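So the chains spell out like this:
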Amino acid sequence: MNSDLCKRLGIEFPLFAFSHCRDVVAAVTNAGGMGIFGAAMMSPEELEEELAWIDAHVDGRPYGVDLIVPNKFEAKGEDIPDAAILAMVPEGHKEFADGVMQAHGMGPGELEAKRAEQLVFRENISAEGAARSLDVAFAHPIALIANALGLPPQDMLDRGKAQGVAVGALVGTAEHARAQVAAGVDVIIAAGGEAGGHTGEISTMVLVPEVVQAIAGSNVPVLAAGGIATGSQMAAAMAMGAAGAWCGSVWLTTAEAETNPVVKEKMLAASSRDTVRSRSRTGKPSRQLVSAWTEAWEGKDAPKPLPMPLQTLVSEPALHRIDQMSQKGHEGAQDLATYWVGQGVGLMNQAMSAGGVVQEFKEDFLTAYERLQQALEG
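Residues numbered from 1 in each chain as written. Predicted model: local features only at pLDDT ≥ 70, side-chain atom pairs only at ≥ 80, totals over all residues. Heavy atoms only, no water.

> What exactly am I supposed to notice about the pattern of salt bridges here?
Here the idea is simple: oppositely charged side chains can pair when their charged atoms come close. Applying the stated criterion across every chain yields a total of ten salt bridges. A salt bridge links Lys-362 to Glu-12; its shortest N-O distance comes to 2.8 Å. Placement of Lys-362 in helix H17 (residues 354-377) and of Glu-12 in the loop between helix H1 (4-9) and strand E1 (15-19) is noted, with a sequence separation of 350 residues between them. The structure contains a network of salt bridges with shared partners spanning Asp-135, Asp-155 and Arg-159. (Salt bridge = Lys/Arg side-chain N within 4 Å of Asp/Glu carboxyl O. Helix = DSSP H or I, 4+ residues; strand = E, 2+ residues; numbered from the N terminus.)

> Help me out: how do you make sense of the environment of Ala-39 in this one?
Tracing the chain through its elements places Ala-39 in the loop between strand E2 (34-38) and helix H3 (44-58). On the accessibility criterion, Ala-39 (2% relative accessible area) is buried. The sequence separation of Ala-39 and Ala-229 amounts to 190 residues, and the corresponding C-alpha distance is 22 Å. With residues near it in sequence (within four places) discarded, Ala-39 still touches Leu-47, Val-65, Asp-66 and Leu-67. (Buried < 20%, exposed > 50% of the residue type's maximum accessible area, 1.4 Å probe, protein only. Contact = heavy atoms within 4.5 Å.)

> I would appreciate a short explanation of helix H10 (residues 174-183) in the present structure.
Two residues of an α-helix separated by three or four positions point the same way, owing to the 3.6 residues in each turn. Inspection of H10 places Ala-174, Ala-177 and Gln-180 among the buried residues, and these make up the whole buried set. The arc that holds the buried residues of H10, viewed along the axis, is 115°, so those residues lie on one side. The elements touched by buried residues of H10 are strand E5 (166-171), strand E6 (187-191) and helix H11 (204-214). One or two steps after H10, the chain reaches Gly-184, where phi turns positive at roughly 110°. (Arc of directions from axis to C-beta.)

> It is not clear to me how the side chain of Thr-204 should be interpreted in this structure. Could you clarify?
With respect to the helices and strands, Thr-204 occurs in helix H11. Beyond its immediate stretch of four places on either side in the chain, Thr-204 contacts Gly-192, Gly-193, Glu-194, Pro-209, Ala-225, Gly-226 and Met-240.

> Explain the sheet that holds strand E8 (residues 222-225) to me, please; I cannot follow it from the model alone.
Backbone-to-backbone hydrogen bonds join strands into a sheet, with any given pair of strands oriented parallel or antiparallel. The parallel closed barrel is built from eight strands, whose spatial order is E1-E2-E3-E4-E5-E6-E8-E9. Along the sheet, successive strands turn relative to each other by an average axial angle of 25°, direction set aside. In this structure, E5 lies alongside E6, joined through four bridges in parallel fashion. When the bridges of E6 are listed, Leu-170 appears paired with Ile-189. Packed onto the sheet, H10 meets E5 and E6 and runs at close to 160° relative to E5. (Pairing = 2+ DSSP bridges. Axes fitted to C-alpha atoms, helices over the stretch in contact; angles between N-to-C directions.)

Quick look at the structure:
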């Protein structure tokens, strides 16, 4: 595709694949799109290992990195020991999570140890942790770096300009898009409420043209995100002014994906109604696959979710154990198993390779383009 964004980033097709799996990132980049490696939960050492692997498998083709550096979370900027952070988690929340597992025939396991491990997330989104992750990312030949929550730190913007790396940011409102452009970002990702993971409330069909209009004249391209799982949807978004599509959910059912196989099968069988937007996983609203776990947290007896990152200390250790037990055939764990996914899951009905998904996007995009062209010529 001969667009300004494709030329700038050196890609063939403006399909951006957010994934926590390095194999997906490499496969999409090698197929002509751009893989974006999600690194929020990784230590700088782990990030270095993953990016070095990607470097070795993309033959110089462009890829990106996505980090989370939120402006607000519990105990941000405070020198509070890990033990004190863990002590902030109310016993009632831990007991509720344990009770959900026990109701499905599961013992709690070593959840306290797993809660301590989750504190790497707190370190990663601290000023010092973010700086270390940025050092790692900018030491590799990345073409784009994105911040998933709030304004990117100034250091990210400065280093992006100095090294010719585009800086992107996810937004859920036109107001946020204007603020990001004023801050100096190079690419806006307009994520509608259909998206998996952290998301706002405005639908993609409404949000994309709002954002395009809001920043008209800035020359900052907009990528459409949220519920996009086909090339025809990508074409529709570009018809509304987007420069491409940013997708995350559609890669979760690919052969390369890191997704728990039990959850992968659930996704392939799910409809677009089988997701829920809830604060129960991280403390911020995020869309995930409906399961017995999500239903329990939406019940009238469930405690109110805690702020980030405290809710993560409740949910992630339990969900890690649920994933492990579900893959061992435990039926209760299989009922509980879930993961982040958008409403586009209803269109994800066939397992295929990540490269195959890119090819299908291209073909579907061209079909949609030709259909519109024929309508104009008729």
